[in-house]
Amino acid sequence: MSITDLLFYADAVLILGSTVLAVSLRHVLHAALALMMALFSTAGLFLLLHAEFAALVQVMVYIGGVVIFIVYTILLTAHLGEEVPRSHPAKQLGALIGALLFCALLLAVLWTGRAWEAPAVHAADAALAQAGGVKTIGRRLLSAAPDGFLVPFEIVSLLLLAALVGAISIARKPAGDRGEGEK
Amino acid sequence: MNLTSCLVLAALVFACGVFGMLRNRHIINILISIELMLNAVMINFIAFAHFRAADPTAGSIFTIFIIALTSAEMAVALAVVISLYRQRHPLDVERMKRLHG
């Protein structure tokens, strides 16, 4: 077993453990912290798979942006002492059965499909080592060539702008109750 | 470490996300479960890009697009949460009668 395998299995255990914690912890803030842990160990997995830029974006945007935003929202909206009750036990059982069935379905597709085991086009090792780097990704993202991603890039920037404006207009305090909702 | 082990890991993470989404009632818990499911999808993209792609860069780029889309989604969703809280609505999805349409 090579050192890469060892790191992969350690990382997989971390990812799975923190994922289970994130869905099972009762306190929302604890769940958000477990989510942060899961995303962080996923960034480690990306590093193992030679996707350095994706790992960096994961840490900076996902953990530094989205999860911190979730934590802020929890802190802004927490009624101290008021907890949302758990679902009915029968519903929880149903959720467990549904998730297990889903997992079984995915694994069955994995074991029977195996379409990717056909000899696939495999990138050369040198190309693979460069593929996740900042330079390659930057060139591909902004090139207008047929294999470039310029148009999706611009569409995503429009979408982000729209989401930003929408979020501000939804979360804005309605005119007239200035200072009333503050604690 | 091979492709199958990565895919199994992603499948398990995704199933955990499905379980959390069906089980929890707090709206932020459900959003967290959605994040976990997207995380599993990103693991799949990166794994396929690393093990079975003529063009491994595209895998990273798709992952970055997913992250951008997720941040847009979370911005809107959390704005809705803050708006609900401001109007004194419960953050329990089974009691959000006003959103039934």
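Here the structure is a predicted model, which is why all the values come from computation and not from measurement.

1. What about the interface of chain B and chain A?
Phase 1 of the analysis: Listed by partner, the interface residues are 61 residues for chain B and 75 residues for chain A.
Phase 2 of the analysis: Contributing elements (two or more residues each) for the side of chain B that touches chain A: helix 1 (3-23), helix 2 (27-51) and helix 3 (56-86) of chain B.
Phase 3 of the analysis: Among the residues forming the side of chain B that touches chain A, the class breakdown is 40 nonpolar, 15 polar and 6 charged.

2. Re the packing of helix 1 of chain B against helix 2 of chain B
All names here are of chain B.
Phase 1 of the analysis: Across the interface, helix 1 lies against helix 2 with an axial gap of 8 Å and an inter-helix angle of 165 degrees. What the angle tells us is that helix 1 and helix 2 run roughly antiparallel. By crossing handedness, the relation of helix 1 to helix 2 is classed as left-handed. Here Leu-3, Cys-6, Leu-7, Leu-9, Ala-10, Val-13, Phe-14, Cys-16, Gly-17, Val-18, Gly-20 and Met-21 of helix 1 lie close against helix 2, whose contacting residues are Asn-29, Ile-30, Ser-33, Ile-34, Leu-36, Met-37, Asn-39, Ala-40, Ile-43, Asn-44, Ala-47 and Phe-51.
Phase 2 of the analysis: Residue classes in the contact of helix 1 with helix 2 are distributed as 18 nonpolar, 6 polar and no charged.

3. Regarding the confidence of the model for chain B
All names here are of chain B.
Phase 1 of the analysis: Summarising the model, chain B shows a mean pLDDT of 86, and 96% of its residues fall at 70 or more.
Phase 2 of the analysis: Mean pLDDT per element in chain B: helix 3 is the minimum at 89, and helix 2 is the maximum at 91.
Phase 3 of the analysis: Quick note on the complex model: pTM equals 0.86, ipTM equals 0.91.

4. Overview of the environment of B:Ile43
Phase 1 of the analysis: Considering the arrangement of structural elements, one finds B:Ile43 in helix 2.
Phase 2 of the analysis: Overall, the presence of 24 C-beta atoms within 10 Å leaves B:Ile43 in the buried class.
Phase 3 of the analysis: Not counting residues up to four positions away in its chain, the partners in contact with B:Ile43 are A:Thr42, A:Leu45, B:Cys6, B:Leu9, B:Ala10 and B:Val13.

5. A word on the packing of helix 1 (residues 3-24) of chain A against helix 2 (residues 28-48) of chain A
Residues and elements named next belong to chain A.
Phase 1 of the analysis: Closest axis-to-axis distance for the helix 1/helix 2 pair is 8 Å, and the angle between their directions is 160 degrees. By the criterion of interaxial angle, the relationship of helix 1 to helix 2 is roughly antiparallel. Our pair here, helix 1 against helix 2, has a crossing hand that is left-handed. Residues Thr-4, Leu-7, Phe-8, Asp-11, Leu-14, Ile-15, Ser-18, Thr-19, Leu-21 and Ala-22 of helix 1 form the contact with helix 2, whose participating residues are Ala-31, Ala-34, Leu-35, Met-37, Ala-38, Ser-41, Thr-42, Gly-44, Leu-45 and Leu-48.
Phase 2 of the analysis: Of the residues contributing to the contact of helix 1 with helix 2, the split by class is 13 nonpolar, 6 polar and 1 charged.

6. A few points about the environment of B:Leu9
Residue and element names in this part refer to chain B.
Phase 1 of the analysis: Among the structural elements, Leu-9 can be located in helix 1.
Phase 2 of the analysis: Note on Leu-9: 25 C-beta atoms within 10 Å, which makes it buried.
Phase 3 of the analysis: For the pair Leu-9 and Ala-40, spaced 31 residues apart in sequence, the C-alpha to C-alpha distance is 8.0 Å.

7. As for the environment of A:Gly17
Residues and elements named next belong to chain A.
Phase 1 of the analysis: Position of Gly-17 relative to the elements: it lies in helix 1.
Phase 2 of the analysis: We classify Gly-17 as partly exposed; it has 14 C-beta atoms within 10 Å.
Phase 3 of the analysis: Expressed as a C-alpha distance, the spacing of Gly-17 and Ala-144, which sit 127 residues apart in the sequence, is 42 Å.

Rules used throughout
- Residues numbered from 1 in each chain as written.
- Chains lettered and ligands numbered in written order.
- Predicted model: local features only at pLDDT ≥ 70, side-chain atom pairs only at ≥ 80, totals over all residues.
- Contact = placed C-beta atoms within 7 Å.
- Helix = DSSP H or I, 4+ residues; strand = E, 2+ residues; numbered from the N terminus.
- Nonpolar A, V, L, I, M, F, W, Y, C, P; charged D, E, K, R; others polar.
- Axes fitted to C-alpha atoms, helices over the stretch in contact; angles between N-to-C directions.
- Parallel < 35°, antiparallel > 145°, perpendicular 65-115°, else oblique.
- Left-handed = near helix turned anticlockwise from the far one by under 90°.
- pLDDT = per-residue confidence, 0-100.
- Buried ≥ 20, exposed ≤ 12 C-beta atoms within 10 Å, placed from the backbone.

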